[in-house]
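Chain and residue survey
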Amino acid sequence: MSESIIKVKSFELAISGVNFYKYLVTEKKEFVMSKQFLRSITSVGANVREAVNAQSKLDFIHKLAIAQKECDESLYWLELLNATKYVDEKDFNPIYIRATEVLKIIKSIIITTKKNIQVKN
């Protein structure tokens, strides 16, 4: 069940990220940080999809760990865009909150999966 929740939420995050990128490029004329942000934010969902189709529990954890790193990198770019005044709090907060939620879910799934592996051994 958790995997499908993260699959949906990471896809929704990617959609928000693409729309945020389009806003940054068209309205704010920011092309460098926004491109880095786009790459990392869309990579979250792609790695979640890979995790869902993992060949083993260890592969599942590995793919989710990559998604976790990409999500955290996305938060970095958002924080930098906000700190450098490319976006204000009104534009920053909704996507930052959504990305933080996805990051927490990914971390929780990783921890639970690791615990389940240890219980079996």
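The paragraphs below set out a description of the structure included in this document. Since we're looking at a predicted model, the values are computed, not measured. Each residue is numbered by its place in its chain's sequence as written, counting from 1. The predicted origin of the model limits local features to residues at a pLDDT of at least 70 and limits the giving and counting of side-chain atom pairs to 80 or more, whereas totals for whole chains, interfaces and linings rest on all residues. Calculated side-chain values reflect all of the structure's heavy atoms, with hydrogen atoms and water omitted.

1. What to know about the overall build of the protein
Within the protein, the secondary structure is distributed over four helices and zero strands. Under the scheme used here, helices are H or I runs from DSSP no shorter than 4 residues and strands are E runs no shorter than 2 residues, and both carry numbers assigned from the N terminus. Along the protein, helices (α) and strands (β) appear in the sequence α-α-α-α when read from the amino end. Overall, the protein is about 55 × 20 × 20 Å in size when its C-alpha atoms are taken along their principal axes. When the 121 residues of the protein are sorted by exposure, 40% land in the buried category. Accessible areas in this description were obtained via Shrake-Rupley with a 1.4 Å probe; residue shielding takes into account the shown protein chains only. When the accessible surface of the protein is summed, it comes to about 7,200 Å², and 56% of that surface belongs to carbon and sulfur atoms. In this count, Lys and Arg are taken as positive residues and Asp and Glu as negative ones, while His and the chain termini are left out. For this purpose, a charge sits on NZ of Lys, CZ of Arg, CG of Asp or CD of Glu. Between the mean site of the 19 positive side-chain charges and the mean site of the 14 negative ones, the protein shows a separation of 5 Å. To sort residues, take the accessible area from a 1.4 Å probe on protein chains only and compare it with the maximum for the residue type: under 20% means buried, over 50% means exposed, and anything in between is partly exposed.

2. Digging into the side chain of Ser34
Among the structural elements, Ser34 can be located in helix 2 (residues 32-52). Pairs of residues are marked as contacts when any of their non-hydrogen atoms sit within 4.5 Å. Excluding its chain neighbours within four sequence positions, the residues that come into contact with Ser34 are Tyr21, Leu24 and Val25.

3. With respect to the packing of aromatic side chains
Stacked, tilted and edge-to-face are the three classes applied to pairs of Phe, Tyr and Trp rings, where Trp contributes its six-membered ring and a pair requires centres within 6.5 Å; stacked means planes under 30 degrees apart, edge-to-face means over 60, and tilted covers the rest. Applying the stated criterion across every chain, the model contains four aromatic pairs. Their ring planes at 70 degrees and their centres at 5.0 Å tell us that Tyr76 and Trp77 sit as a pair that is edge-to-face. Judged by its relative accessible area of 43%, Tyr76 is partly exposed. By way of ring pairs, the aromatic residues Phe20, Tyr23 and Phe37 are connected into one cluster.

4. Concerning helix 4 (residues 89-120)
Taking 1.5 Å of rise per residue, the 32 residues of helix 4 would be expected to cover 46 Å, and the 46 Å separating its terminal C-alpha atoms lies within 8% of that figure. Looking only at helix 4, the buried set comprises Asp91, Phe92, Ile95, Ala99, Val102, Leu103, Ile105, Ile106, Ile109, Ile110 and Thr113. One less than the number of residues in a helix, times 1.5 Å, gives the span that helix is expected to have.

5. Here we look at the nonpolar core
As used here, the term nonpolar core means buried Ala, Val, Leu, Ile, Met, Phe, Trp, Tyr and Cys residues forming a set that is joined through side-chain atoms within 4.5 Å. Counting 29 residues, the largest nonpolar core has Phe20, Leu64 and Ile106 as the members making the most contacts within it. When contributions to this core are tallied by element, the ones reaching two or more residues are helix 1 (2-26), helix 2, helix 3 (57-83) and helix 4. When sequence neighbours within four positions are dropped, the list of residues in contact with Ile106 reads Ile6, Val44, Val48, Leu64, Ala67 and Gln68.

6. Observations concerning helix 2
Taking 1.5 Å of rise per residue, 21 residues should cover 30 Å, and helix 2 covers 31 Å from first to last C-alpha, within 8% of that figure. Approximately 25 degrees is the largest bend angle found in helix 2, and it occurs at Ser43. The term bend refers to the angle at a residue between two fitted axes, each drawn through seven residues, those ending there and those starting there.

7. Examining the packing of helix 3 against helix 4
What counts as an axis is a line fitted to C-alpha atoms, over the stretch in contact for a helix, and the angles between N-to-C directions run from 0 to 180 degrees. Between helix 3 and helix 4, the least distance of the axes is 9 Å, while the angle of their chain directions is 160 degrees. The angle between helix 3 and helix 4 places the two elements in the roughly antiparallel class. Both helix 3 and helix 4 take part in a crossing whose hand is left-handed. The classification used treats Ala, Val, Leu, Ile, Met, Phe, Trp, Tyr, Cys and Pro as nonpolar, Asp, Glu, Lys and Arg as charged, and all other residues, Gly among them, as polar. For the contact of helix 3 with helix 4, the per-class residue count stands at 19 nonpolar, four polar and six charged. An angle counts as roughly parallel when it lies under 35 degrees, as roughly antiparallel when it exceeds 145, as roughly perpendicular when it falls between 65 and 115, and as oblique in every other case. In a left-handed crossing the near helix is turned counterclockwise from the far helix by less than a right angle, and in a right-handed crossing that turn is clockwise.

8. Some details on the pattern of salt bridges
Take a side-chain nitrogen of Lys or Arg and a carboxyl oxygen of Asp or Glu: if they are within 4 Å of each other, that pair is a salt bridge. In the structure shown here, the tally under the stated rule is three salt bridges. Residue Asp59 pairs with Lys63 through a salt bridge whose shortest N-O separation is 2.9 Å. Taken together, the positions of Asp59 and Lys63, both in helix 3 and four residues apart, correspond to about one turn of that helix. In terms of burial, Asp59 and Lys63 fall into one category: buried. Residue Lys90 is joined to Asp91 by a salt bridge in which the shortest nitrogen-to-oxygen separation is 3.2 Å.

Purely geometric numbers; function is a separate question.
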